[in-house]
Amino acid sequence: MSNNNTMTNYIQLRGDLSFFFHPFQEVDSMVLTQLSYLDFADYVPGADTVSHLSHIPYGQMPTLSLIAIQFEHNHPDRDEELEKTYQFLKLVGESKRYGSIRVGYYVNDVDFAKEKQFSAVTFFFHPFHAFVAFRGTDQHMVSWKENFGLTYAATIGAEEDAATYLQFIGKHFPLLLKVGGHSKGGALALYACRMVSNRLFHKITDVFLFDAPGTLEDPTLDPKVTRYASKIHAYVPEGSIVGQMMIPYTPQTVVKSNGHRIYQHSMATWLVASNSFDYAPDRNDFSYQMSEQINQWIYGLPLENRKDNVNQFFDLLDSNGIKTFYEATHMDIKKLLGLLVKTTKMSKENRDLLGLIIKNLFF
């Protein structure tokens, strides 16, 4: 009998059980990571940038239950996308398992001029245990460009913010921490963990990576990564692409998905069993073929040329009015042909990459 249960079904199944009676599971880490994609600006205390964060007493942080109620009040008329957000938040907020979780330290710092996108939020089970979630790649192309920035830069702006954010949380609360992130958020989570003080290292019990890109160099040679070996839990869908960019930090657990190709990157498509993910024996052929060709593109370019090629690739999309992932995947034939005409000004490597993406992702 085939299983088509997602995290929504897990919340419905386990939502009436508190963490006291049903301890924290791997799927719980995905639920909280998914929540990091919500816009908490009007509901959760925090700051516009990491540098402006200040201490917030535990009792002044709202619960997920209260946030869900306020969200419904603030958005009586919801479009389809906002309705999906509300239904997920409502399900979480009304559950015994998640409703009493307090939320604080929301930061959403997007700087298009600096090509930086950083967002994080912290979920408190109680004053002494929290989950720090780093938001991953959102719909804006500047976010995807920053992902590719990992292929040539020692650090990106969002990574430095992530390290500062995690150090701040660890300094102001004497608690145990779980840390996680999806896509680029996973890379931010691990970078932040690598940079923290030894004292904070011992507070971090688990690091959850969801289809997160890897690193340019062999991670087994980095002692800041290897010391986390027993704490890292890395998950990817069967059709993983982003999670196979460069060299994965650690062996990955493959999860079944009901999504199509690139859309498996969304955790909403990942399948779960009663208390865990629904595991797959291996990634599929699409994942192996696409990731191999993308990595050939990355490592085939001299390091000094990668930035120029990344800029050229994303500048082409921007000049054609493609500023979000949705716009990229919903091009009409006229825009697609216009895009192809302009590829003559691109490097051969970028023409090959664009052709690969168009062929494998959209047809």
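Since we're looking at a predicted model, the values are computed, not measured.

Caption draft 1: Layout of the packing of aromatic side chains. Taken as a whole, this structure holds 26 aromatic pairs when the rule is applied. Judged by centre distance (6.3 Å) and plane angle (80°), the rings of Tyr58 and Phe124 are edge-to-face. A residue pair is termed long-range when its members are at least 10 positions apart, and Tyr58 in the loop between strand S1 (46-47) and helix H3 (64-74) and Phe124 in strand S3 (residues 116-126) qualify at 66 residues. Overall, the relative accessible area of 0% leaves Phe124 in the buried class. Seen from their ring centres, Trp270 and Phe277 are 6.2 Å apart, and the 65° between their planes marks the pair as edge-to-face. Judged on exposure class, the residue Trp270 and its partner Phe277 are both buried.

Caption draft 2: Examining the sheet that holds strand S4 (residues 129-134) more closely. The eight strands are arranged S1-S2-S3-S4-S5-S6-S7-S8 in an open sheet whose pairing can be described as mixed. Across the chains shown, the open sheet's two edge strands, defined by having one partner strand only, are S1 and strand S8 (253-255). Bridging between strand S2 (residues 102-111) and S3 involves eight bridges; their strand directions are antiparallel. Residue pairing across strands places Asp109 opposite Phe118, the latter belonging to S3. Along the sheet face, helix H2 (residues 26-35) touches S3, S4, strand S5 (176-182), strand S6 (204-210) and strand S7 (232-237) and points at about 70° away from the line of S6. Strands in contact with helix H7 (residues 184-195) are S3, S4, S5, S6 and S7; relative to S5, the strand with the most contacts, it is inclined by about 145°.

Caption draft 3: Region of the structure containing the pairing of S3. Burial within S3 is extensive, with 10 of its 11 residues counted as buried. When S3 meets S4, the two strands line up antiparallel, connected through six bridges. By the bridge assignment, Val121 is partnered in S4 with Ala133. From the end of S3 to the start of S4, which pair antiparallel, there are two residues.

Caption draft 4: Layout of the nonpolar core. The biggest cluster of nonpolar side chains holds 40 residues, and the ones touching the most others in it are Tyr105, Phe118, Phe134, Tyr165, Leu166, Leu177 and Ile204. Residue contributions to this core peak at six residues, all from helix H6 (residues 157-172). Contacts of Tyr165, omitting those with residues within four sequence positions, involve Val50, Leu53, Gly104, Tyr105, Val107, Phe118, Ala120, Val121, Thr122, Val132 and Phe134. Judged by nonpolar contacts, the second largest core, of 37 residues, contains Ala68, Tyr86, Tyr98 and Val103.

Caption draft 5: Seen up close, the packing of H3 against helix H4 (residues 80-93). Between H3 and H4, whose axes approach to 8 Å, the crossing angle comes to 150°. H4 is crossed by H3, and the crossing has left-handed handedness. Mapping the contact onto sequence places Leu64, Ser65, Ile67, Ala68, Phe71 and Glu72 in H3 and Leu82, Thr85, Tyr86, Leu89, Lys90, Val92 and Gly93 in H4. Of the residues contributing to the contact of H3 with H4, the split by class is eight nonpolar, three polar and two charged.

Caption draft 6: View of the packing of helix H1 (residues 7-14) against H2. With their axes 10 Å apart at the nearest point, H1 and H2 run at an angle of 115° to one another. Crossing of H1 over H2 shows left-handed handedness. Where H1 abuts H2, its residues Met7, Tyr10 and Ile11 lie against Val27, Asp28, Met30, Val31 and Gln34. The residue inventory of the contact of H1 with H2, partitioned by class, reads six nonpolar, one polar and one charged.

Caption draft 7: Just the pairing of S4, in detail. Within S4, six of the six residues are buried, which leaves it mostly tucked inside the rest of the structure. Residues His129, Phe131 and Ala133 point to one face of S4 and Ala130, Val132 and Phe134 to the other, with burial holding for every one of them. In the sheet, S4 pairs with S5 via six bridges, with the strands oriented parallel. The residue bridging Ala130 from the neighbouring strand is Leu177, located in S5.

Caption draft 8: Up close: a nonpolar patch on the surface. Residues Ile333, Leu337 and Leu340 make up a contiguous nonpolar surface patch of roughly 290 Å² in combined accessible area. Tracing the chain through its elements places Leu337 in helix H13 (residues 333-342). Residue Leu337 is classed as partly exposed on the basis of its relative accessible area, which comes to 48%.

About the criteria used
Residues numbered from 1 in each chain as written. Predicted model: local features only at pLDDT ≥ 70, side-chain atom pairs only at ≥ 80, totals over all residues. Heavy atoms only, no water. Phe/Tyr/Trp six-rings, centres within 6.5 Å; stacked < 30°, edge-to-face > 60°. Helix = DSSP H or I, 4+ residues; strand = E, 2+ residues; numbered from the N terminus. Buried < 20%, exposed > 50% of the residue type's maximum accessible area, 1.4 Å probe, protein only. Pairing = 2+ DSSP bridges. Contact = heavy atoms within 4.5 Å. Axes fitted to C-alpha atoms, helices over the stretch in contact; angles between N-to-C directions. Core = buried A, V, L, I, M, F, W, Y, C linked by side-chain atoms within 4.5 Å. Left-handed = near helix turned anticlockwise from the far one by under 90°. Nonpolar A, V, L, I, M, F, W, Y, C, P; charged D, E, K, R; others polar. Patch = residues over 30% accessible without salt bridge, like charges linked within 9 Å, V, L, I, M, F, W, Y side chains within 5 Å. Areas by Shrake-Rupley, 256 points an atom, 1.4 Å probe, with all protein chains shown as cover. Salt bridge = Lys/Arg side-chain N within 4 Å of Asp/Glu carboxyl O.

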